[in-house]
Amino acid sequence: MSINVAQKTMILGIETSCDETAAAVVENGTIIRSNAVASQIDIHRRFGGVVPEVASRHHVDQITLVCEEAIKESGVTWDDLDAIAVTEGPGLIGALLVGVNSAKAISFAHHIPLVPVHHITGHIYANRFVHELQFPLIALVVSGGHTELVYMKEHGSYHVVGTTRDDAAGEAFDKVARTLGLPYPGGPEIDRLAREGKPVIDFPRAWLEEGSLDFSFSGLKSAVINYIHNEEQRGNTVSKVDTASSFQASVCEVLVKKTIMAAERYSAKQLLVAGGVSANHEIREQMIRAAEKKGIQLLIPPLKLCTDNAAMIAASGTIGFLKGMRADLSLNGSANLSIEDF
Ligand code: KG4
Ligand code: ZN
């Protein structure tokens, strides 16, 4: 279905799928008028990970303030909005429900259409703030809950061509970090330590069957955890920086090679990287080098737009709005929503 992406729009995005309460106003799908994020990272850090019940309660506390802040900063009024785009899923169900119900309340009170958004499409559309998308494209989405290669032949069309068979890349980062005694979230900590170390430990790379675009990180995660425990049992001091660097090198090599393989197989004009793990320096650098070598245009959002935010939800919601996607007041959160239905 072809849509007119040049159409003028003003969309409020709302995101509460995990541990960030976020609201943002985006104009024409590409201009961020405001982007308010209340992070709960400090609250969950003492538990070593996100506690769903705690996340829901904090979303309830924050959502009204964050929405008001987004509207105030944007300089628009409720009447200026064409739609409210809200993350329907996937994510923590209790957390999703806070965003969905707030969006429904605003939609009802101000008579503004409601557009449901798949969280991963939001991560992909964060790239539209960098450059206009060109199709066909391949997007690598790497976050705490996802590792997916998505093929897009046009705006708002998503086909998963590769996915993880077990853990998400971010999950592996967080678990390895935890075993190394690093605070939550572990990804940025590993990234920081890895820069001081060398990839001297030979951890496995899961290539799977010849030509497979799927991923697997649980074997690597176990290999790193076993290595740390074995060294400790032998009374050896584990080099945190070298372990972090070697683990990161393994994740990075597999992600980059499979992404390039997908881009070639699907004759992609652009390669997009998205999700929290795309904040990783090594992954960014290797991806830039590999894309340059192959002559494929690479887009990666700025660090602030890599992790969960509502501007990306509004950007994807803009496409949903132009495609005529609407939800009514029966909209519910959906923890395991499929991207292919969008
Ligand atoms: O997209 P995101 O904010 O939330 C989800 O939708 O999951 O991604 C969070 C994930 C966490 O696993 C975190 O450890 C990881 O992204 N992450 C990183 C980095 N920054 C965040 N992983 C590796 N290197 C980083 N610099
Ligand atoms: Zn996310």
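From a predicted model like this one, the values you see are computed outputs, not experimental measurements.

## What about the sheet that holds strand E8 (residues 159-163)?
No. 1: Here we have 5 strands laid out as an open sheet, ordered E8-E7-E6-E9-E10, and mixed in their pairing. In the strand order of this sheet, the two ends are held by E8 and strand E10 (297-299), each with one partner. Strand-to-strand twist in this sheet, taken as the mean axis angle between neighbours without regard to direction, amounts to 20 degrees.
No. 2: As paired strands, strand E6 (residues 137-142) and strand E7 (residues 147-152) are joined by 6 bridges and run antiparallel to one another. For Leu 137, the partnering residue across the bridge sits in E7 and is Met 152.
No. 3: In this fold helix H9 (residues 281-294) packs onto E6, strand E9 (270-274) and E10, with an angle of close to 160 degrees to the strand it touches most, E10.

## Description of the site of ligand 1
No. 1: Every one of the 19 residues lining ligand 1 counts as a neighbour, but Gly 144, Asp 174, Gly 187, Asp 191 and Gly 276 are closest to it.
No. 2: Between an oxygen atom of ligand 1 and a side-chain N or O atom of His 123, the distance comes to 3.1 Å.
No. 3: A distance of 2.8 Å separates an oxygen atom of ligand 1 from a polar backbone atom of Gly 144.
No. 4: Protein chains shield 89% of the accessible area of ligand 1, which is 550 Å² for the free molecule.
No. 5: In a pocket analysis with a 2 Å cut-off to the grid points, ligand 1 is assigned to the largest pocket.

## Digging into the side chain of Ser 250
No. 1: The residue Ser 250 is located in helix H8 (residues 240-265) in this model.
No. 2: Its relative accessible area of 1% is what places Ser 250 among the buried residues.

## Details of the pattern of salt bridges
Close approach of charged atoms lets side chains of opposite charge pair.
No. 1: Enumeration over the complete set of coordinates arrives at 14 salt bridges.
No. 2: The shortest N-O distance in the salt bridge between Arg 165 and Asp 214 comes to 3.0 Å. Of this pair, Arg 165 sits in the loop between E8 and helix H5 (169-179) while Asp 214 sits in the loop between helix H6 (186-194) and helix H7 (218-233); the two residues are 49 residues apart in sequence, bridging distant segments of the chain.
No. 3: What makes Arg 165 partly exposed here is its relative accessible area of 43%.
No. 4: Between Lys 294 and Glu 264 there is a salt bridge whose closest N-O contact spans 3.1 Å. Linking Lys 294 in helix H9 with Glu 264 in helix H8, this pair joins segments that are 30 residues apart in sequence.
No. 5: A residue is classified by how much of its surface remains accessible, and Lys 294, at 44% relative accessible area, is partly exposed.
No. 6: Here Glu 264 falls in the partly exposed class, since its relative accessible area comes to 45%.

Definitions and cut-offs
- Residues numbered from 1 in each chain as written.
- Chains lettered and ligands numbered in written order.
- Predicted model: local features only at pLDDT ≥ 70, side-chain atom pairs only at ≥ 80, totals over all residues.
- Heavy atoms only, no water.
- Pairing = 2+ DSSP bridges.
- Helix = DSSP H or I, 4+ residues; strand = E, 2+ residues; numbered from the N terminus.
- Axes fitted to C-alpha atoms, helices over the stretch in contact; angles between N-to-C directions.
- Contact = heavy atoms within 4.5 Å.
- Near = heavy atom within 4 Å.
- Polar contact = N/O pair within 3.5 Å; in protein donor to acceptor, adjacent residues only side chain to side chain.
- Areas by Shrake-Rupley, 256 points an atom, 1.4 Å probe, with all protein chains shown as cover.
- 1 Å grid on protein atoms, 1.4 Å probe; cavity = no way out; pocket = protein on both sides within 12 Å on 5 of 7 lines; lining within 4 Å.
- Sits in = over half its atoms within 2 Å of the grid points.
- Buried < 20%, exposed > 50% of the residue type's maximum accessible area, 1.4 Å probe, protein only.
- Salt bridge = Lys/Arg side-chain N within 4 Å of Asp/Glu carboxyl O.

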